[in-house]
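The lines below spell out each chain.
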Amino acid sequence: MFDKPEDHGPEERARRAHRIGPEDERIAVRCNIRELQLVDSFVASGEFRNRSEIVRAALQNFLRERAAQAIPAARALASPLDLVEVPVRLREEEVETLQAYGELASNGQELADLLAQLVRRGELELKVQETVGRHRASVKGAAEARDRLRALGRTSEELERKGVVGR
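Nothing here was measured: the structure is a model prediction, and the numbers come from that model.

Criteria and thresholds
Residues numbered from 1 in each chain as written. Predicted model: local features only at pLDDT ≥ 70, side-chain atom pairs only at ≥ 80, totals over all residues. Heavy atoms only, no water. Axes fitted to C-alpha atoms, helices over the stretch in contact; angles between N-to-C directions. Helix = DSSP H or I, 4+ residues; strand = E, 2+ residues; numbered from the N terminus. Parallel < 35°, antiparallel > 145°, perpendicular 65-115°, else oblique. Contact = heavy atoms within 4.5 Å. Nonpolar A, V, L, I, M, F, W, Y, C, P; charged D, E, K, R; others polar. Phe/Tyr/Trp six-rings, centres within 6.5 Å; stacked < 30°, edge-to-face > 60°. Buried < 20%, exposed > 50% of the residue type's maximum accessible area, 1.4 Å probe, protein only.

Structural notes on the packing of helix α4 (residues 92-104) against helix α5 (residues 111-126)
Move 1: Contact geometry of α4 with α5 gives a least axis separation of 9 Å together with a crossing angle of 90 degrees. Our classification of the angle between α4 and α5 gives roughly perpendicular. Facing Val95, Leu98, Gln99, Tyr101 and Gly102 of α4, the residues of α5 in contact are Leu111, Leu114, Leu115 and Leu118.
Move 2: Taken together, the residues that form the contact of α4 with α5 break down as seven nonpolar, two polar and no charged.

This is the structure:
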């Protein structure tokens, strides 16, 4: 539940607009006992200094995810190409290295565009499409061979049942 700031007129609003700091406004969050126990366990483990730090981190992650969801829709409208945004999990040091590469070696290229370029180059060099095609054909061939084997098994059982072939 959000705490509503009290409105004391235009002077107060002006003062608030110029205030700078990490805790300009406060909100209250209602939790059940189990949620509080979990939150407190993170504090007790030393991962967070206090409950507020946990809630701020959770809120920042939530807002970051929502912003990331909104960006692909905006890019899809702005982009003439039919591009699909794909989330990628990288280690922090990998992200830092790739961002530095984008800035220094790729004329300030954004991380997402740099990753797309690297994937395309890797796809070309590794011949991913051809490899996928070969593997799909192999899987399809194996399924067809299993079907033929099952059919032969049914045929032999049928011949035995009719007495054409002895056991």
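Examining the packing of aromatic side chains
Move 1: Enumeration according to the criterion identifies one aromatic pair in this entry.
Move 2: When the centroid spacing of 6.3 Å and the interplanar angle of 90 degrees are considered together, the rings of Phe42 and Phe48 count as edge-to-face.
Move 3: On the accessibility criterion, Phe42 (37% relative accessible area) is partly exposed.

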